[in-house]
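# Structural features, examined
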Amino acid sequence: MVVAEFTSGGLGDWRRMKSFTYHVLTGRWFMVFASLLIMAVAGATYMFGLYSNQIKTSLGYDQSTLNLLSFFKDLGANVGVISGLINEITPPWVVLSIGAIMNFFGYFMIWLAVTGRIAKPQVWQMCLYICIGANSQSFANTGALVTCVKNFPESRGNILGLLKGYVGLSGAIITQLYHAFYGDDSQSLILLIAWLPAAISFLFLPTIRILNTLQKPNKELKVFYHLLYISLGLAGFLMVLIIIQNKLSFSRIEYITDGLVVFFLLLLPLVVVFREEFNLWKNKTQGLTDPSQVKVVTEVVPSPNMVLPSQPEPATTSSQKKSSCLANVFKPPNRGEDYTILQALFSIDMLILFTATTFGVGGTLTAIDNLGQIGHSLGYPKKSTTTFVSLVSIWNYLGRVVAGFASEIFLTKYKLPRPIMLTLVMFLSCVGHILIAIGIPNSLYFASVIIGFCFGAQWPLMFAIISEIFGLKYYSTLYNFGAVASPVGAYILNVRVAGYLYDKEALKQLEAKGLTRQAGKDLTCLGVQCYRMSFIIIAASTLIGCFVSFILVLRTRKFYKGDVYRKFRAELEAAETQMGSTKSDNILFETEDHTTLSGTGGTPATT
């Protein structure tokens, strides 16, 4: 259909092609595609289990030191308040640029250290490098994901699920691209993580921006579902590929072929983008009104005979002048209105949500970060570690898209609060923790699926709840504050619980053999007892998080029974009314002007 519009030849068709190309590159759906690609390579932090053993053996770390490194990774990935504050006062391209530079610097320094190209860094230096590299993920999320949520306020569940889903898939995507680029050289994986996300962010810098448009969600929902189907096809292909690669040995040519297929599936959403943007462009060039987009840019120049309605001046009362940000910290507006940053941070709802996700996300993140060591301690072959990481990545994706799209359906059709789904997901994750604790044969495969799904599902639910309860005005900052719960939980459960108990058991095994640990040697524990007590504690703490989350369900049940998106629907209706009023005023002005000119023998001007 698109090609048929530009096949007749001539200068006019060349201009039309240029016009269409410009329309696509500046369109809102191409912005969504660019955000998908940025998200598809922004989840390198979830691949820590794939290269953690390389760091541990190359630098001679024990498990506590490795888990400390993992904590700083999680701290960097989720403490994005700085990126949120920067995004409040600068355009998204600034945030994305900073993130790209940080990503390359952090992971490139780790690669230099692991390969021995620089002197062995101190532990604090490695913690700093991985914190800087991982913190780039929060900049990518803030620059791309937050921008998309603001551009599609009534489809936030769908856009959050889709974009966070690609983040979940990024581990499996980068793994296949790594095999295609470098074969099985695990050190080069760190190098790929350094340059690939930075390159893609820089490529799409001009594309990501806030669009001053209002859309009707029913029109855009179909597009989101088409993008979802493509992502499901990508996830299905990766799943089959992982199973085959676990059973067979692949040659370099086969790895390259698989990488090309993954690359093709990443570009396939362009078909949907071109179709939607072509329809919008065609309506625009033919002077038609696109029912899915309202953009009021008309400026009316009044004639001397034209009377315009007076504009009411904004009321300024003395109470408004005297009120300050600090005075209203503990006087928040109704749920769904725009909270200030301090009002949201000091609210009981935020405290409950933060506490629940600290235990929920912290527990699942501890399992993901330790998958490599868990598999080694339980006697799984080294090849299975890649399978575990990829399974977590696939099901992480499925958890995100299911939570995003399903919660949107349940909310709009059945008024089912999102906090209920968050509570159920956290309860399901307890099953995965118990499977790791008992350590029966092949249970780690099932645990990887459950943990990956639950870890992924919690993110879009939490971010959507924050946007619904506290509004979108300061969403960039509040979004990143909610993510801080992850490193807090990871430090408590990963460093202080899992890492400590692992090293304690490893030292006990050395003493039983009559050996003592030598300085600079890694510390290894074997057997189900290495992580049993740790994950019993994690399962219990996650169960506590479920009860805390249920308190939020009770507190917000009345709010979710109402119309959560009433505010944005009112803005859309007001914009449509204003556009209709503007058109009527234009018609009146043109009619009066034509009558005046005709009466004096004048000729109407050509516009």
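It should be emphasised that the depicted structure is a prediction, and the values quoted were computed from it without experimental measurement.

Along its 16 residues, helix H11 (residues 252–267) runs 23 Å from first to last C-alpha, staying within 8% of the 22 Å computed at 1.5 Å per residue. What H11 keeps buried is the set Tyr255, Asp258, Gly259, Val262, Leu265 and Leu266. Looking down the long axis of H11, one finds its buried residues gathered within 120 degrees of arc, a one-sided arrangement. Seen from the buried face of H11, the exposed residues on the opposite side, beyond 90 degrees, are Ile253, Leu260 and Phe264.

Time to look at the confidence of the model for the chain. Of the residues in the chain, 82% reach a pLDDT of 70 or more, and the chain-wide mean stands at 81. Mean pLDDT across the elements of the chain bottoms out in helix H13 (residues 318–322) (42) and peaks in helix H18 (residues 418–438) (95). Here residues 289–323 is modelled with pLDDT under 50, and outside its nearest four sequence neighbours on either side it reaches 42 contacts, counting other chains as well. Note that residues 587–607 has pLDDT below 50 and, in this model, 13 contacts with residues that lie over four places away or in other chains.

With that settled, consider the state of the cysteines. Summed over all chains, the structure comprises one disulfide. Two residues share a disulfide in this structure: Cys525 and Cys530, whose sulfurs sit 2.0 Å from each other. With the S-S bond torsion at -90 degrees, the cross-link from Cys525 to Cys530 turns out left-handed. Looking at Cys525, the relative accessible area reads 0%, which means it is buried. Its relative accessible area of 1% is what places Cys530 among the buried residues. In this structure Cys131 is a free cysteine whose sulfur lies 8.6 Å from that of Cys127, the closest cysteine sulfur available. No disulfide involves Cys454; its nearest neighbouring cysteine sulfur is the one of Cys430, lying 8.7 Å away.

Taken as a whole, this structure holds 35 aromatic pairs when the rule is applied. Summarising the aromatic geometry, the rings of Phe48 and Tyr51 are spaced 5.5 Å apart at their centres and angled 80 degrees between planes, so their arrangement reads as edge-to-face. Pair noted here: Phe48 and Tyr51 are both in helix H3 (residues 48–59), with a separation of three residues, about one helical turn. Residue Tyr51 is classed as buried on the basis of its relative accessible area of 1%. Put simply, the rings of Phe455, Trp459, Phe463, Tyr475 and Tyr479 pair up and form one aromatic cluster. Across from the ring centre of Trp459, 5.6 Å away, lies the NZ or CZ of Lys164, which sits over that ring.

Counting through the fold element by element, Ile200 comes out in helix H9 (residues 186–203). When sequence neighbours within four positions are dropped, the list of residues in contact with Ile200 reads Leu37, Ile38 and Val41.

A cluster of nonpolar side chains, contributed by Phe104, Phe181 and Trp195, occupies part of the molecular surface with about 270 Å² of accessible area. By relative accessible area, Phe181 is classed as partly exposed at 41%.

Moving on, we get to the pattern of salt bridges. Inspection of the entire model under this criterion finds seven salt bridges. Asp369 is the salt-bridge partner of Lys73, the closest N and O atoms lying 3.2 Å from each other. In this pair, Lys73 sits in helix H4 (residues 63–78) while Asp369 sits in helix H15 (residues 348–369), placing the two residues 296 residues apart along the sequence. Taken individually, Lys73 and Asp369 each receive the classification buried, so the pair is uniform in this respect. Of the charged contacts, one joins Arg555 and Asp349 as a salt bridge, the two residues approaching to 2.8 Å between their closest N and O atoms.

General note: in soluble globular proteins, nonpolar side chains tend to be found buried as a group. Judged by nonpolar contacts, the single largest core of 158 residues is most densely connected at Met39, Tyr51 and Ile55. When residues of this core are assigned to their parent elements, the largest contribution, 16 residues, is made by helix H19 (residues 443–470). When neighbours within four sequence positions are excluded, Tyr51 is seen to be in contact with Ala44, Tyr107, Ile130, Leu189, Ile190 and Ile193.

Procedures and definitions
Residues numbered from 1 in each chain as written. Predicted model: local features only at pLDDT ≥ 70, side-chain atom pairs only at ≥ 80, totals over all residues. Heavy atoms only, no water. Helix = DSSP H or I, 4+ residues; strand = E, 2+ residues; numbered from the N terminus. Expected span 1.5 Å × (residues − 1). Buried < 20%, exposed > 50% of the residue type's maximum accessible area, 1.4 Å probe, protein only. Arc of directions from axis to C-beta. pLDDT = per-residue confidence, 0-100. Contact = heavy atoms within 4.5 Å. Disulfide = S-S within 2.5 Å. Phe/Tyr/Trp six-rings, centres within 6.5 Å; stacked < 30°, edge-to-face > 60°. Lys NZ or Arg CZ within 6 Å of the ring centre and 35° of its normal. Patch = residues over 30% accessible without salt bridge, like charges linked within 9 Å, V, L, I, M, F, W, Y side chains within 5 Å. Areas by Shrake-Rupley, 256 points an atom, 1.4 Å probe, with all protein chains shown as cover. Salt bridge = Lys/Arg side-chain N within 4 Å of Asp/Glu carboxyl O. Core = buried A, V, L, I, M, F, W, Y, C linked by side-chain atoms within 4.5 Å.

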